[in-house]
Amino acid sequence: MIKWTLKTNGTWNYDYSAFTKYVKFLRDSVGISGQINCFSLVGWNEDVIPYWDESSSTMKNLSAPVGSATFNTRWNDFLTSFRTYLVSNGWFDKTVLFMDEIADDKMQQVITLIKNNNSAWKIGVAHWKELSSDVVSNLYDKSGNLALATGHTNPVSTFYTSCSETIPNNYLTPQNNPAEMSWMSWHALKENLDGYLRWGYDNWYDINPFELRNKGNTAGDFAMIYRSSNESNAEIMSSIRLELLRDGIQDFEKSKILRNQLSASTDLFDLEALAALNAKINQFTKNNGTGAFPLVVQGQQLLKDIASGNYGVCKVGGGSYTSYYLSSASTTGAISNLNFTGGTYPTGGVSHHTSSFISARAGTNFSLILNSSSASNCARLKVWIDWNGDNDFLDSGEDFFTGGTFQSCSNPLNYTISITVPTGASIGKKRMRIQLRDAWQALPVSCGINNFTETTDFDLFVSDIYCSASTQWNTGEYYLSKLETTNACNGNISYNQSYTPLNGYDYYTNNNIKVKPGSSVMFNLQNSQTAVCGRTKAWIDWNRDGDFSDSGEEVFQQEYFRVVLI
């Protein structure tokens, strides 16, 4: 890019013409104008500097090991000239002197040289080994490999993939999924990074423009784009990996926009959408690249739902009169019971209580006790439960209870309501909605902005006959990746998972087994590769009493175990 020439009179000349054309082409024709990364004061052959020798009209190598007097003299002379050139073009403030995988001790020496030349120089590095705090503190742009890029530590912080990572990566191997390209941007979001750095874009070697097996690296490693021929008018051809990287970049930008908009909102449902988006982003940990495909698909669907206003339960709101509100709500007879105390009218006329919840099994009953504010005798009350979990309250049986009389101020302040969980209700978290509305208005409506209303939402977990299990904290690294059975008398289980399921709980019903008393069944259980710091237990409810606490129901914690039926 910049030709160094040792002239016959012993002086040095630097030709910036190719560099100038390239930077202007990227700026004017491609739209890349934010930063100019200049590689590198230290090349792969660290001990020499190539230059054109005018007296012999040949290329030569100047012996200049890092830290030597020759290295410091030559690079100091160049940096002085380069800075003058950059300032004259208005490019100095956006230029970064970048190094690639340089040892920490040599980076120390290069930083000293650069800062002695001019303290305003910006410095960057791509690295796959730990750097000292002194080096990191002097970096403007830091790009560590997947294991080292954790959090936003410098003005520009990214991560990059080299040839050392296997999964996730952008190679073309049977072990890799193309979705890993989109995964890259989601992982950058998770680590609060500015983006992702890939070392090669069009590094073509072979005479065959479609040759993917260059050198000793994994197929496809050298290029993200290809050429249609070796002629000067060749067309540039994209790759699936590049297009999926583009998808990931769009996901990255959409997420940033949505996060900014949602975090600035005081709307309850906007904040719930923000929490869901952050929770999904946090699942893109550095060790779950094997689950790239389902995670990316889920993330992209979530972005689509949030952006289109279709995420979560239907919105509701109120206002105009703040004397009607639910003052307390509780349940009895459920597995886990509700315990809510309000006391004031919520912002926007709507609230979602999450400190306690209802957990009940399908087919069982529990009682809901509701108490309203003293002025609510002039209001009517409705209760809805989204039994099928489709985020509305419009299906049969979901308009559950109506209390109070039209145009009356003698309506009850207290209700005790018996609720039967439908036997066909799907297992999982549901939403219960309770609304008070002025009795001179139309009946309460489950969705929409309705004046003279107050709405409170609660969570209701429908479980099967077994005790509930969930988690509120999971890094995404601990999960059951496979469970297979053999020797069953009828059918076998074949369960595979590549990421942490929602709320850390999965109820698998796709296939099951039938067994005979006295027989034995082999269970092959495998955890995620990232669960090496976890412990495992397995239980079977032999007497089917809805728990796993009876003798013999804990069947141990081995990767392979045999269950003997008695």
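Before any of the text, the structure's been laid out above.
Residues numbered from 1 in each chain as written. Predicted model: local features only at pLDDT ≥ 70, side-chain atom pairs only at ≥ 80, totals over all residues. Heavy atoms only, no water.

Asks: What should I look at first to understand the overall build of the protein in this one?
Replies: A tally of helices and strands in the protein yields eight helices and 29 strands. Scaling as 2.2 N^0.38, a compact globule of 566 residues should have a C-alpha radius of gyration of about 24 Å, whereas the protein reaches 32 Å, well beyond that. Viewed in the frame of its principal axes, the protein has a C-alpha envelope of about 105 × 70 × 45 Å. Here the protein, with 566 residues, has 43% of them falling under the buried criterion. (Helix = DSSP H or I, 4+ residues; strand = E, 2+ residues; numbered from the N terminus. Rg over C-alpha atoms; globule rule 2.2 N^0.38 Å. Buried < 20%, exposed > 50% of the residue type's maximum accessible area, 1.4 Å probe, protein only.)

Asks: Please clarify how the pattern of salt bridges should be interpreted in this entry.
Replies: Pairing is possible between side chains of opposite charge, provided their charged atoms come close. Evaluated as defined, the whole model comprises 13 salt bridges. Of the charged contacts in the structure, one is a salt bridge between Lys7 and Glu54, with a shortest N-O distance of 3.1 Å. Residue Lys7 is located in the loop between strand S1 (3-6) and strand S2 (12-15), and its partner Glu54 is located in the loop between strand S4 (48-53) and strand S5 (58-63); the two are separated by 47 residues in the primary sequence. Classification of Lys7 as partly exposed rests on a relative accessible area of 30%. (Salt bridge = Lys/Arg side-chain N within 4 Å of Asp/Glu carboxyl O.)

Asks: Help me understand the side chain of Asp457, please; the structure alone is not making it clear to me.
Replies: Along the chain, Asp457 turns up in strand S23 (residues 453-463). A relative accessible area of 0% places Asp457 in the buried class. Within polar-contact distance, the side chain of Asp457 engages the side chain of Arg431 at 2.9 Å. Those residues in contact with Asp457 that sit more than four places away from it in its chain are Phe269, Val313, Ser351, His352, His353, Arg431, Met432 and Arg433. (Polar contact = N/O pair within 3.5 Å; in protein donor to acceptor, adjacent residues only side chain to side chain. Contact = heavy atoms within 4.5 Å.)

Asks: What is the right way to read the state of the cysteines from this model?
Replies: Here, disulfide denotes a covalent bond that connects the sulfur atoms of two cysteines. Going through the model one piece at a time under the given rule, you end up with two disulfides. Across the disulfide from Cys314 sits Cys447; the S-S distance is 1.7 Å. The chirality of the disulfide connecting Cys314 with Cys447 is left-handed, given an S-S dihedral of about -50°. Remark: Cys447 occurs in the loop between strand S21 (428-438) and strand S22 (448-449) and Cys314 occurs in the loop between helix H8 (292-307) and strand S13 (316-317); sequence separation between them is 133 residues. (Disulfide = S-S within 2.5 Å.)

Asks: Would you take a moment to explain helix H1 (residues 17-30) for this structure?
Replies: Since there are 3.6 residues in each turn of an α-helix, residues three or four apart along the chain are aligned in direction. The terminal C-alpha atoms of H1, which comprises 14 residues, lie 19 Å apart, in line with the 20 Å expected from a rise of 1.5 Å per residue. Here the buried face of H1 lies against strand S3 (36-39) and helix H2 (69-89). Gly31, located one to two residues past H1, shows a positive phi value of around 90°. (Expected span 1.5 Å × (residues − 1).)

Asks: I tried to follow the sheet that holds strand S8 (residues 141-145) on my own but got confused; where do I start?
Replies: Picture the strands of a sheet paired through backbone hydrogen bonds; they go either parallel or antiparallel. Pairing is parallel in the open sheet, where six strands are placed in the order S3-S6-S7-S8-S9-S10. At either margin of the open sheet sits one strand with a lone partner, and together these are S3 and strand S10 (195-198). Mean inter-strand twist for the sheet, computed between neighbouring axes without regard to direction, equals 30°. Packed on one face of the sheet, helix H3 (residues 104-117) meets strand S6 (95-100) and strand S7 (122-127) and runs near 165° to S7. (Pairing = 2+ DSSP bridges. Axes fitted to C-alpha atoms, helices over the stretch in contact; angles between N-to-C directions.)

Asks: What is the right way to look at the nonpolar core in this model?
Replies: A general feature of soluble globular proteins is that nonpolar side chains tend to end up buried together. Core analysis: the largest hydrophobic core is formed by 39 residues, its most contacted members being Phe19, Leu41, Phe82, Met99, Met107 and Ile114. When residues in this core are grouped by element, the largest group, seven residues, is from H2. Contacts of Met99, omitting those with residues within four sequence positions, involve Phe39, Ser40, Leu41, Val42, Met107, Val110, Ile114, Ile123, Gly124, Val125 and Ala126. Counting residues in each nonpolar core, the second largest holds 31 residues, with Trp183, Leu193, Leu258 and Leu303 among its members. (Core = buried A, V, L, I, M, F, W, Y, C linked by side-chain atoms within 4.5 Å.)

Asks: So what exactly am I meant to see when it comes to helix H6 (residues 240-263) here?
Replies: For H6, with 24 residues, the first-to-last C-alpha span of 34 Å sits near the 34 Å given by 1.5 Å per residue. Listing the buried residues of H6 in full gives Arg241, Leu242, Leu245, Gly248, Asp251, Phe252, Ser255, Leu258 and Leu262. In this structure, the buried side of H6 is in contact with helix H5 (180-190), S10, strand S11 (226-227), helix H7 (268-281) and H8.

Shape is all these values report; function is a separate question.
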